[in-house]
Amino acid sequence: MKISLAHQNPALISIMNDPQQIITLDANFLISPDRRPLTKIGIRFQQYREIWLEPIFNAFPNLAIHEAVYDELVGISPQKYIDANRDRIPPAIIIHKDASLSETEKMLRDTIEDRIVPRTKYEPLLNNRDDRGEVKSLSFIAVKGLLYFAAHDNNAIQLIEKSEEWSTGLDNISAIKMYELIYYLFKKDLADRIAMKMLYKYQYYLTNHEKTTNPGWGDFISSMDGLYASYFMKE
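The sections below set out a description of the structure shown in this document. Please read these numbers as outputs of a predicted model, since none were measured by experiment. (Residues numbered from 1 in each chain as written. Predicted model: local features only at pLDDT ≥ 70, side-chain atom pairs only at ≥ 80, totals over all residues. Heavy atoms only, no water.)

### Some remarks on the overall build of the protein chain
Inference 1: Regarding its fold elements, the protein chain presents 12 helices and five strands.
Inference 2: Relative to the globule expectation of 18 Å for 235 residues, the C-alpha radius of gyration of the protein chain, 18 Å, shows essentially globular dimensions.
Inference 3: Counting only C-alpha atoms and orienting by the principal axes, one finds that the protein chain spans roughly 50 × 40 × 40 Å.
Inference 4: Each of the 235 residues in the protein chain was classed as buried or not, and the buried ones make up 50%.
Inference 5: For the protein chain, the computed accessible surface area is about 11,800 Å², with 49% contributed by carbon and sulfur atoms.
Inference 6: Looking at charge distribution, the protein chain has the averaged site of its 28 positive side-chain charges lying 6 Å from that of its 32 negative ones. (Helix = DSSP H or I, 4+ residues; strand = E, 2+ residues; numbered from the N terminus. Rg over C-alpha atoms; globule rule 2.2 N^0.38 Å. Buried < 20%, exposed > 50% of the residue type's maximum accessible area, 1.4 Å probe, protein only. Areas by Shrake-Rupley, 256 points an atom, 1.4 Å probe, with all protein chains shown as cover. Lys, Arg positive; Asp, Glu negative; His and termini not counted. Charge placed at Lys NZ, Arg CZ, Asp CG, Glu CD.)

### Topic: the pattern of salt bridges
Inference 1: In the structure shown here, the tally under the stated rule is 15 salt bridges.
Inference 2: Note that Glu210 and Arg35 form a salt bridge whose closest N and O atoms lie 2.8 Å from each other. On the criterion of sequence distance, the pair formed by Glu210 in helix H11 (residues 208–213) and Arg35 in the loop between strand E1 (23–25) and helix H2 (45–59) is long-range, its members being 175 residues apart. The two residues Glu210 and Arg35 agree in class, both being buried.
Inference 3: Measuring nitrogen to oxygen at the nearest pair gives 2.7 Å for the salt bridge that ties Arg109 to Asp110.
Inference 4: Residue classification places Arg109 among the buried positions, given a relative accessible area of 11%.
Inference 5: Linked by salt bridges that have partners in common, Asp98, Arg109, Asp110, Glu113 and Lys136 make up one network. (Salt bridge = Lys/Arg side-chain N within 4 Å of Asp/Glu carboxyl O.)

### Description of the packing of helix H5 (residues 103–116) against helix H6 (residues 132–144)
Inference 1: Where H5 contacts H6, the axes come no closer than 9 Å and their chain directions differ by 135°. It follows that H5 is oblique to H6 by the angle criterion. Note on packing geometry: the crossing formed by H5 with H6 is right-handed. Each of Glu105, Leu108, Arg109, Ile112, Glu113 and Ile116 in H5 lies in contact with H6, whose residues at this interface are Val135, Lys136, Leu138, Ser139, Ala142, Val143 and Lys144.
Inference 2: Taken together, the residues that form the contact of H5 with H6 break down as seven nonpolar, one polar and five charged. (Axes fitted to C-alpha atoms, helices over the stretch in contact; angles between N-to-C directions. Parallel < 35°, antiparallel > 145°, perpendicular 65-115°, else oblique. Left-handed = near helix turned anticlockwise from the far one by under 90°. Contact = heavy atoms within 4.5 Å. Nonpolar A, V, L, I, M, F, W, Y, C, P; charged D, E, K, R; others polar.)

### Some points on H5
Inference 1: Taking 1.5 Å of rise per residue, the 14 residues of H5 would be expected to cover 20 Å, and the 20 Å separating its terminal C-alpha atoms lies within 8% of that figure.
Inference 2: Where H5 is buried, its residues touch H6 and helix H7 (154–161). (Expected span 1.5 Å × (residues − 1).)

### So, the environment of Tyr48
Inference 1: Mapped onto the fold, Tyr48 is located in helix H2.
Inference 2: When the C-alpha atoms of Tyr48 and Leu199 are compared, they prove to be 9.0 Å apart, with 151 residues separating the residues in sequence.
Inference 3: Setting aside anything within four residues of it in sequence, one finds Tyr48 in contact with Asn28, Phe29, Leu30, Ile31, Ser32, Pro33, Ile43, Leu53, Met178 and Leu199.
Inference 4: From its side chain, Tyr48 meets the backbone oxygen of Phe29 in a polar contact 3.0 Å long. (Polar contact = N/O pair within 3.5 Å; in protein donor to acceptor, adjacent residues only side chain to side chain.)

### Brief notes about the sheet that holds strand E5 (residues 174–177)
Inference 1: Taken in spatial order, the five strands of this open sheet run E3-E2-E1-E4-E5, and their pairing is parallel. Lying at the two open borders of the sheet, with one neighbouring strand each, are strand E3 (94–96) and E5. Across the sheet, the mean angle separating the axes of adjacent strands is 35° when strand polarity is ignored.
Inference 2: Pairing between E1 and strand E4 (residues 148–151): three bridges, direction parallel. Within E4, the residue paired with Ile23 across the bridge is Tyr148. (Pairing = 2+ DSSP bridges.)

### A look at the packing of H2 against helix H10 (residues 193–204)
Inference 1: Interhelical geometry of H2 versus H10 gives an angle of 110° and a closest axis separation of 10 Å. Our classification of the angle between H2 and H10 gives roughly perpendicular. Relative to H10, the crossing made by H2 is left-handed. Of the residues in H10, those touching H2 at Gln47, Tyr48, Ile51 and Trp52 are Ala195, Met196, Met198 and Leu199.
Inference 2: Of the residues contributing to the contact of H2 with H10, the split by class is seven nonpolar, one polar and no charged.

### Describing the side chain of Lys177
Inference 1: Considering the arrangement of structural elements, one finds Lys177 in strand E5.
Inference 2: In contact with Lys177, not counting residues within four places along its chain, are Met1, Asn9, Phe29, Ala151, Ile157 and Glu161.

Laid out in structure tokens, this is it:
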């Protein structure tokens, strides 16, 4: 995935100023990345939970996932982690459920899904798992007027950022990328700094192609500081 450092992301600035806002997560934020065979190294879920999930959940008290994303996690470690956070008092995760939609909202949801589906691998008649989570998540939050979708999937991000060009109906949603939250956690000392560097390099600076298109860690932090450092100086 290519990193974009050309301009500020207003969504990142907004959640920096108010971390209490609802942020809906794609499945790829919850499942530990495994880029083998590009590298011999994988990231175990326990390690991923410690370096990434727990800092994210501690930093943002109103995280959410759609029930279709929850279904993708059945039988694997992230499901147990979500269950534990859902069962806390008060709950530490919101589960978006289609049953909460009114009849009018369901019709609007169906219209948005029809616009999104052609640009994904999801086939409604088959109800296959490919891209189902992102289709259901995006259409739900669009109908409910929720603002932020955090993802590492380039196609999901394009559905949002090219919403006008592609007529996806997602004009009011903003994408928050994984690398932006890596930077946020790093700058706020909300996660282990060495771990954030490792996760960045694993996700964005692993292949020869990535090393020619994405900045190294030091340049990444310097460029992000150029965009956002003033917002941390206000504290």
